[in-house]
Number of protein chains: 2
Amino acid sequence: MSDTPTAARPETAGVVNPPVIILIEPQLGDNIGKAARAMLNCGLVDLRLVRPRDGWPNERATANASGADIVIDNTKVFEHEDDALADLNRIYVTTARTRDAVKPVFTPRGLAPEMRANIGKGEKIGVMFGPERTGVRNEHIAMADAVVTVPLNPGFTSLNLAQAVLLIGYEWWQAGVNVPDYQMMMNDSFPAAHDEVARMLAHLEYELDESGFFRVEAKRPAMERNIRNIFNRMSLTHQEVQTIRGMVSAMRGAKHKPKPKT
Amino acid sequence: MSDTPTAARPETAGVVNPPVIILIEPQLGDNIGKAARAMLNCGLVDLRLVRPRDGWPNERATANASGADIVIDNTKVFEHEDDALADLNRIYVTTARTRDAVKPVFTPRGLAPEMRANIGKGEKIGVMFGPERTGVRNEHIAMADAVVTVPLNPGFTSLNLAQAVLLIGYEWWQAGVNVPDYQMMMNDSFPAAHDEVARMLAHLEYELDESGFFRVEAKRPAMERNIRNIFNRMSLTHQEVQTIRGMVSAMRGAKHKPKPKT
């Protein structure tokens, strides 16, 4: 029976009991280490091994964990699945095929909010992964509440152990964060105020006019509108506005001409 | 300039021009091979390398591609970024930090539907990844339309090259598939009809009654309801119903008792 943490851990972004990762008969220490590293990227810290082929501790695992020491140092090892799973309220098993078993099948994306909700209610949840080449056996599928299958290219599905752990962990992490799909990263700047950009545009349009750019007067309003659209959608900072004005002036030989009054 | 495929390729699940993956100065052949394999899992087939450290072809890459030959065999190599990017309408660069640049930032999940929509309109899109230890340089960020950043544990974000490619590819794949978040996998069976389950429950309740299970008559309706709820939510197949009836009968010493008429 594992210790139940009583405090949120910073590594898990505040989640008291994130899903436990259980590796059944992992073969290579390298893969265990890489799985540990994949876990920590996703705020998962509890790793359990059942009959690791090369025993434990494993220096290849430590070497490959590359800084995910907190996972390696707290890894628990078991002889029997029942002991590794004993305290878990829900168990999921990762496999590509359910084989004969009649079983609920989740995608990682479907499972993640479910895990979040149940963990939020105090449940302990685990996700099992099988040995690297052979995967889990039917007995492991029978032990689980449900199966998780990663939907990928049916013509070529070939994830290694750490990648499978990463994808399930990634979906777990995504279900708890709130990063916008898209944002403009301003890095301590902010977009220049509209009138500053307007003055830049006026400067630009003046110089274009002086250069004979607007050859057809009837087309000028549409062309000016297009130009404004280009520059207004860029979220130009003050510095960038200055840069553009400087470029315009230089191209127009500014040292020899007075700037327009703006 | 790369050849434009004119037919949908089965490896890409029918997408004529899935996103191109561009690796800038990849260091280890192993990592190139693993990236190629990650790509094919996600229906990505077009790999371009800019100044690979160890040249090309690379037998470590081939060995690590483990069956993703179609990617390795069609990999294109360039001396200059401009040539690798020349035909692309939109370019994204994967990095953890935008540094000084004012740049739109997508999550992989936010980017994927955008890529799908634009590719659907005939655009060619590429995603750049930098050298393994150092990542992309500022010049690469400047070449791109936008940045992609994978939101992961800020306390430990340590993805290797193949994992970063996998996560972007995974989101690309998910944005094009329609796998239910959850389904009950029946594997050529289907749930037994309601009346078959009802007869099983009647049999069970009869045997429970005969064994003195329902000790408090007033509680019986609620207990029967609980029992029915358990068995009705399992999507029991015909075979499973038979199994349960067999278990009930055996426990009640069925060989010595006539079965109830059902």
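Residues numbered from 1 in each chain as written. Chains lettered and ligands numbered in written order. Predicted model: local features only at pLDDT ≥ 70, side-chain atom pairs only at ≥ 80, totals over all residues. Heavy atoms only, no water.

1. Structural notes on the overall build of chain A
Worth spelling out the cut-off: A run of DSSP states H or I qualifies as a helix once it reaches four residues; a run of E qualifies as a strand once it reaches two. Both are numbered from the N-terminal end. Our radius of gyration is a C-alpha quantity, and the globule rule it is checked against amounts to 2.2 Å times the number of residues to the power 0.38. By definition, residues are in contact when any of their heavy atoms lie within 4.5 Å. With residues, only the protein chains shown are counted as cover, and all accessible areas are computed by Shrake-Rupley using a 1.4 Å probe. Two residue types count as positive, namely Lys and Arg, and two as negative, namely Asp and Glu; His and chain ends fall outside the count. Charged groups are reduced to one reference atom each: NZ for lysine, CZ for arginine, CG for aspartic acid, CD for glutamic acid.
For chain A, the helix and strand inventory stands at 10 helices and eight strands. A compact globule built from 262 residues should have a C-alpha radius of gyration of about 18 Å, whereas chain A, at 29 Å, is more than 25% larger. Each principal axis of the C-alpha distribution contributes one length, and for chain A these read about 85 × 35 × 35 Å. Considering only contacts in chain A between residues 6 or more positions apart, those separated by 24 or more positions represent 81%. Put simply, chain A shows about 13000 Å² of open surface, and 51% of that area lies on carbon and sulfur atoms. If you average the places of the 31 positive and of the 32 negative side-chain charges in chain A, the two averages end up 10 Å apart.

2. What to know about the pattern of salt bridges
The condition that has to hold: One speaks of a salt bridge when a side-chain nitrogen belonging to Lys or Arg is within 4 Å of a carboxyl oxygen belonging to Asp or Glu. Exposure categories follow from relative accessible area, calculated using a 1.4 Å probe and restricted to protein chains: below 20% of the type maximum is buried, above 50% is exposed, and the middle band is partly exposed.
Tallied over the entire structure, the rule returns 34 salt bridges over all chains. Across the pair B:Glu123 and B:Arg90 runs a salt bridge whose closest N-O atoms are separated by 2.5 Å. A residue pair is termed long-range when its members are at least 10 positions apart, and B:Glu123 in the loop between helix 5 (108-120) and strand 6 (125-129) and B:Arg90 in strand 4 (residues 90-94) qualify at 33 residues. According to the relative accessible area criterion, B:Arg90 is partly exposed, its value standing at 24%. One connected set of salt bridges, linked through shared partners, spans A:Glu25, A:Arg51, A:Glu81, A:Arg137 and A:Glu139.

3. Considering the interface of chain B and chain A
Rules: Polar contact is defined as a pair of N or O atoms within 3.5 Å, subject to the rule that within protein one atom must be able to donate a hydrogen and the other to accept it, and that residues adjacent in sequence are counted only when both atoms are side-chain atoms. Only Asp, Glu, Lys and Arg are considered charged in this grouping, and only Ala, Val, Leu, Ile, Met, Phe, Trp, Tyr, Cys and Pro are considered nonpolar; every other residue, Gly among them, is considered polar. Here the rule is simple: two strands pair whenever DSSP picks up at least two bridges between them.
The partner chain A presents 55 residues to the 56 residues of chain B that form the contact. Among the salt bridges present, the one from B:Glu171 reaches A:Arg109, with a minimum N-O distance of 2.8 Å. Applying the counting rule to chain B against chain A returns 20 residue pairs in polar contact (both at pLDDT 80 or more). Elements represented by at least two residues in the side of chain B that touches chain A include exactly helix 1 (29-41), strand 5 (103-106), helix 5, helix 7 (161-174) and strand 8 (182-185) of chain B. The element contributing the most residues to the side of chain B that touches chain A is helix 7 of chain B, with eight residues. Here the side of chain B that touches chain A is composed, by residue class, of 28 nonpolar, 18 polar and 10 charged. Summarising the sheet, strand 8 (residues 182-185) of chain A and strand 5 of chain B pair through four bridges and their orientation is antiparallel. Within the sheet, the bridge partner assigned to A:Met184 lies in strand 5 of chain B and is B:Pro104.

4. Some details on the sheet that holds strand 1 (residues 20-24) of chain A
Put simply, the rule is: All axes here are fitted lines through C-alpha atoms, helices being fitted over the stretch that makes contact, and every angle between N-to-C directions spans 0 to 180 degrees.
Overall, mixed pairing links the eight strands, which are arranged 3(A)-2(A)-1(A)-6(A)-4(A)-7(A)-5(A)-8(B) in an open sheet. Since the sheet does not close on itself, it has two edges, and those belong to strand 3 (76-78) of chain A together with strand 8 of chain B, each with one partner. Within the sheet, the average angular offset between the axes of one strand and its neighbour, ignoring direction, is 30°. Each of strand 4 (90-94), strand 5 (103-106), strand 6 (125-129) and strand 7 (146-148) of chain A is contacted by helix 5 (residues 108-120) of chain A, which is oriented at about 160° to strand 4 of chain A, the strand it contacts most. This element, helix 7 (residues 161-174) of chain A, spans strand 1, strand 4, strand 6 and strand 7 of chain A of the sheet and lies at about 155° to strand 6 of chain A.

5. Comments concerning the relation of the copies chain B and chain A
Here is the rule we go by: In superposing the copies, a least-squares fit is computed on C-alpha atoms, taking residues whose pLDDT is at least 70 in both.
Under the fitted operation, chain B is carried onto chain A by 0.0 Å of movement along the axis and a turn of 180°, and the coordinates agree to an RMSD of 0.1 Å. On the angle and the small slide along the axis, the relation comes out as a two-fold axis. For chain B, the minimum C-alpha distance to the rotation axis belongs to B:Gln163 and amounts to 3.4 Å. By residue overlap, the copies meet face to face through one surface: 98% of the interface positions of chain B are interface positions in chain A.

6. Thoughts on the confidence of the model for chain A
We count it as follows: Per residue, pLDDT captures the predictor's confidence, and it can take any value from 0 to 100.
When the pLDDT values of chain A are averaged, the result is 88; 93% of them are 70 or greater. What the predictor reports for the complex is a pTM of 0.83 with an ipTM of 0.82.

7. Quick notes on the packing of aromatic side chains
Selection criterion: Between the rings of Phe, Tyr and Trp (Trp by its six-membered ring), a pair exists once the centres lie within 6.5 Å; its type follows the angle of the planes, with under 30 degrees stacked, over 60 edge-to-face, and the other angles tilted. Two conditions define a charge located above a ring, namely a distance within 6 Å from the ring centre to NZ of Lys or CZ of Arg, and an angle within 35 degrees of the ring normal.
One pass over the structure, following the stated rule, counts seven aromatic pairs over all chains. Ring geometry for A:Tyr92 against A:Phe106: centres 5.8 Å apart, planes inclined by 90°, an arrangement best described as edge-to-face. In this pair, A:Tyr92 is assigned in strand 4 and A:Phe106 in strand 5, connecting sequence segments 14 residues apart. Its relative accessible area of 2% is what places A:Tyr92 among the buried residues. When its relative accessible area of 6% is taken as the criterion, A:Phe106 is described as buried. Directly above the aromatic system of B:Trp172 lies the positively charged group of B:Arg116, at a separation of 3.7 Å from the ring centroid.

8. Notes on the nonpolar core
The tendency in soluble globular proteins is for nonpolar side chains to be buried side by side. Going by this rule: The term nonpolar core refers to a set of buried residues drawn from Ala, Val, Leu, Ile, Met, Phe, Trp, Tyr and Cys, joined through side-chain atoms within 4.5 Å.
Formed by 82 residues in total, the largest nonpolar core has its most connected members in A:Leu23 and B:Leu23. Other than its neighbours up to four places away in sequence, B:Leu23 contacts B:Ile32, B:Ala35, B:Leu47, B:Arg48, B:Leu49, B:Val50, B:Phe129, B:Leu161 and B:Val165.

9. Considering the side chain of A:Glu123
Residue and element names in this part refer to chain A. Accessibility expressed as a relative area gives 16% for Glu123, which makes it buried. Within the structure, the side chain of Glu123 is placed 2.5 Å from the side chain of Arg90, a separation counted as a polar contact. If sequence neighbours within four positions are ignored, Glu123 has contacts with Asn89, Arg90 and Asn118.

10. A closer look at the sheet that holds strand 7 (residues 146-148) of chain B
Strands sit in the order 8(A)-5(B)-7(B)-4(B)-6(B)-1(B)-2(B)-3(B) across an open sheet of eight strands; the sheet is mixed. Of all strands in the sheet, those with a lone pairing partner are strand 8 of chain A together with strand 3 (76-78) of chain B, marking the two edges. Here the strands of the sheet are splayed against their neighbours by 30° on average, with no regard to which way each runs. Contacting strand 4, strand 5, strand 6 and strand 7 of chain B, helix 5 of chain B runs over the sheet at an angle of about 160° to strand 4 of chain B. This element, helix 7 of chain B, spans strand 1 (20-24), strand 4, strand 6 and strand 7 of chain B of the sheet and lies at about 155° to strand 6 of chain B.

11. Examining unusual backbone geometry
Note: most peptide bonds trans; most residues except glycine with negative phi. All names here are of chain A. The linkage connecting Trp56 with the following residue, Pro57, adopts the cis geometry, with an omega of 0°. Topologically, Pro57 is positioned in the loop between strand 2 (47-50) and helix 2 (59-65). The phi torsion at Arg51 lies on the positive side, around 50°, for a residue other than glycine. For Arg51, the position within the fold is in the loop between strand 2 and helix 2.

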